[in-house]
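Per-entry structural report
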Amino acid sequence: MFAIKPGDDIENTDDVTHPDYYAYSLLNEIKQRWDFIGQAESYMSGDPVGTEYEPEEEKQFEGLQELREISQTNWAKLIVSATTDRLGILGFRSALSSGETGDEVVERLFERDAMGIKAQEAMTLACAYRSAYLYVDPGSKRQKVLPPSNAAVMTDVFGEPVAAVVLLRDRVLSRDVLNLFVRETDEDTGEATGRCHMFVATREFDDKQQQSQVARGFSLRLTQYDSEVPFNRYGVMQDWVWWKERIVDQERVPVTAITNKDGKNEFEDHFSIIDRINHMTLQRTVIATMQAFRQRGVKGNFRRRDEFGQEIDYSDMFEASPAALWMLPEGAEIWESSPTSFQEILNSVSKDIQDLASVTYTPMSYFSDSLNQSAQGANAQKENSIAKVEDRRRRFGAAWKRHISILLGVNGEKDRAEEDSLEVIWGPIQTYTLAEKTAAVTSLVGAGVSLRTALREGAFMTPSEIRRAENERIEEMLSQTLTSAIGTMTPLAKAKATQATNLTPAKSESQKQQDQLAGKAEAGAE
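Here's a quick rundown of the structure. (Residues numbered from 1 in each chain as written. Predicted model: local features only at pLDDT ≥ 70, side-chain atom pairs only at ≥ 80, totals over all residues. Heavy atoms only, no water.)

1. Some details on the overall build of the chain
Within the chain, the secondary structure is distributed over 16 helices and 12 strands. When burial is assessed residue by residue, the chain has 40% of its 526 residues classed as buried. Considering only contacts within the chain whose residues lie at least 6 apart along the sequence, 69% involve residues at least 24 apart. With the model as given, the accessible surface of the chain reaches about 29,100 Å², and the carbon-plus-sulfur share is 48%. (Helix = DSSP H or I, 4+ residues; strand = E, 2+ residues; numbered from the N terminus. Buried < 20%, exposed > 50% of the residue type's maximum accessible area, 1.4 Å probe, protein only. Contact = heavy atoms within 4.5 Å. Areas by Shrake-Rupley, 256 points an atom, 1.4 Å probe, with all protein chains shown as cover.)

Structure, rendered in structure tokens:
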């Protein structure tokens, strides 16, 4: 059904059976994100406050731009961090390994591409720019995180991706690569059906020119990956030429969108509060700077000309310096302006910060530890913050399950790839001290809870940490058993028991480790 002609340009068409239709539509969707992504990036990078209320450039004093820059506080990034800091992924459970420690195969594939860190970056992109994309390359079987400036997805009536476009940069070969994935759609049900088709287009790029455009603000970079194609409103749709079709042994489109709540980022509904805080902070900075030296004036009957008829310049005569002496005629008075108090500005900014924390469900500790807050208010804000994090986990968790299912299928783990059986193991929402964790584990074990559950729920250990703790505990128990038994043994039995204490390193499968060590313990006791 779908076919391309290598060497043809990607063009606009209404033919839904041609890859051009999907490629052009999705590229245009990325293009339409320019205005919002540029605005969100200005808040995330802490750009200086606007100049709407400042005088014309010729009336501005020297140094105003510097004051504007030092008055900026990156509130948007703090709001995003308050959510993403508690979205850490510890592992995954699958149909073949649904235990508390997670699936080691999934863990190995996940960590192969440093996704422990990149997963956090993906969710940060979604919280800051509305969406992010998870990509599994069918050829290399590797996975990547893509910003919303480098990917787009088209879904069927049931929300399953029916087409997706992925933009990648190959700096070694000086080219950009466009990967288009398309599935057929059932005309009766509107559901994506059949296998996935993959088409590749390329274009050349000038690295120096691109870097210059980024430096001048004509292009945007949302990540630090070399594979990211800098975002340019007009350049995103230009110069693409079809190259080839690749065979994909995969039914589903290997691109998964992570979308934030309501299709918005964490702070776009509160731009006005952030602007108000930054504006009032700038006013305080300007007032404090301008009034470091008070305005002075002299009142009295002063001559305008000297005895030679020259106009007298009193600005030179009344020089402001520590050793200066002024001679004033009789009856002259000196006037000095009173500094403007900006305590009211400080109070208003503090109130705006509290409002910003309230409407964004952000703990006040992220903004300031000097603002007074009642215990009841702090608990209510803590509950709201936890509720927001739990909501994001539910939304993002579904996307991660689909991504891991595709990753397992591409890497030949069909038995583990059942999406309904996958489960994300999230890290703790709150942080606890070592004393609190120890008390929790002790209490759970004393109540009859298994050690593995106590380590997971009380100490918040990761799956790999739980396995290591169990193996270390077994080694300690075996060592104690052998030590107590050696005292009553003959010399020959002692030698055999001592040799048995030279334990081999822990294996990856904890159950086999336990069986092996238990057998040695029994032999040593005999």
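2. A few points about the packing of aromatic side chains
Summed over the entire model, instances satisfying the criterion amount to 11 aromatic pairs. Seen from their ring centres, tyrosine 43 and phenylalanine 271 are 4.4 Å apart, and the 10° between their planes marks the pair as stacked. You can see tyrosine 43 sitting in helix α2 (residues 34-44) and its partner phenylalanine 271 sitting in helix α8 (residues 271-290), a full 228 residues away along the chain. Side by side, tyrosine 43 and phenylalanine 271 carry an identical accessibility label, which is buried. The rings of Phe2, Tyr21 and Tyr22 are connected pair by pair, giving a single aromatic cluster. Its end group placed over the ring of tyrosine 225, lysine 118 keeps NZ or CZ at 5.6 Å from the ring centre. Over the aromatic face of phenylalanine 205 sits the side chain of arginine 169, whose NZ or CZ is 3.7 Å from the ring centroid. (Phe/Tyr/Trp six-rings, centres within 6.5 Å; stacked < 30°, edge-to-face > 60°. Lys NZ or Arg CZ within 6 Å of the ring centre and 35° of its normal.)

3. Brief notes about the packing of helix α4 (residues 75-84) against helix α6 (residues 115-129)
For the pair α4 and α6, the least separation of the axes is 10 Å and the interaxial angle reads 130°. As judged from the angle between their axes, α4 and α6 are oblique. Considering the relative orientation of α4 and α6, their crossing is right-handed. Contacts from Val80, Thr83 and Thr84 of α4 reach α6 at Gln120, Met123, Thr124, Cys127 and Ala128. Residues that form the contact of α4 with α6 fall into these classes: 4 nonpolar, 4 polar and no charged. (Axes fitted to C-alpha atoms, helices over the stretch in contact; angles between N-to-C directions. Parallel < 35°, antiparallel > 145°, perpendicular 65-115°, else oblique. Left-handed = near helix turned anticlockwise from the far one by under 90°. Nonpolar A, V, L, I, M, F, W, Y, C, P; charged D, E, K, R; others polar.)

4. Examining helix α10 (residues 343-360)
Between its terminal C-alpha atoms α10 stretches 26 Å, which fits the 26 Å expected from 18 residues at 1.5 Å a residue. For α10, the full list of buried residues reads Ile345, Val349, Asp352, Ile353, Leu356, Ala357 and Thr360. Each buried residue of α10 lies within a common arc of 140° when the element is viewed along its axis, so the set occupies one face. One or two steps after α10, the chain reaches tyrosine 361, where phi turns positive at roughly 55°. (Expected span 1.5 Å × (residues − 1). Arc of directions from axis to C-beta.)

5. Side note on a negative patch on the surface
A surface patch of like charges, here negative, comprises Asp8, Asp9, Glu11 and Asp239. Position of aspartate 8 relative to the elements: it lies in the segment before α1 (19-31). (Patch = residues over 30% accessible without salt bridge, like charges linked within 9 Å, V, L, I, M, F, W, Y side chains within 5 Å. Salt bridge = Lys/Arg side-chain N within 4 Å of Asp/Glu carboxyl O. Lys, Arg positive; Asp, Glu negative; His and termini not counted. Charge placed at Lys NZ, Arg CZ, Asp CG, Glu CD.)

6. A look at the nonpolar core
Counting residues in hydrophobic clusters, the biggest one holds 85 residues, and the most contacted among them are Leu167, Leu178, Leu180, Phe267 and Trp400. Grouped together as the second largest cluster of nonpolar side chains are 16 residues, Tyr135, Cys196, Val200 and Val248 included. (Core = buried A, V, L, I, M, F, W, Y, C linked by side-chain atoms within 4.5 Å.)

7. Describing the sheet that holds strand β9 (residues 255-259)
Spatially, 3 strands are ordered β3-β2-β9 in an open sheet, and the strand pairing comes out antiparallel. Two strands close off the open sheet at either side, each with one partner strand: β3 (143-146) and β9. On average, adjacent strands in this sheet sit at an angle of 20° to one another, irrespective of strand direction. Taken together, the 5 bridges between strand β2 (residues 131-136) and β9 define a ladder with antiparallel strand orientation. Bridge pairing in β9 links leucine 134 to threonine 256. Packing of α6 onto the sheet brings it into contact with β2, β3 and β9, and relative to β2 it is tilted by some 145°. (Pairing = 2+ DSSP bridges.)

8. Topic: the pattern of salt bridges
Inspection of every chain in the model, using the stated rule, returns 23 salt bridges. The salt bridge partner of glutamate 423 is arginine 93, with a shortest N-O separation of 3.0 Å. A residue pair is termed long-range when its members are at least 10 positions apart, and glutamate 423 in strand β12 (residues 423-426) and arginine 93 in strand β1 (residues 89-93) qualify at 330 residues. Judged by its relative accessible area of 40%, glutamate 423 is partly exposed. Overall, the relative accessible area of 10% leaves arginine 93 in the buried class.

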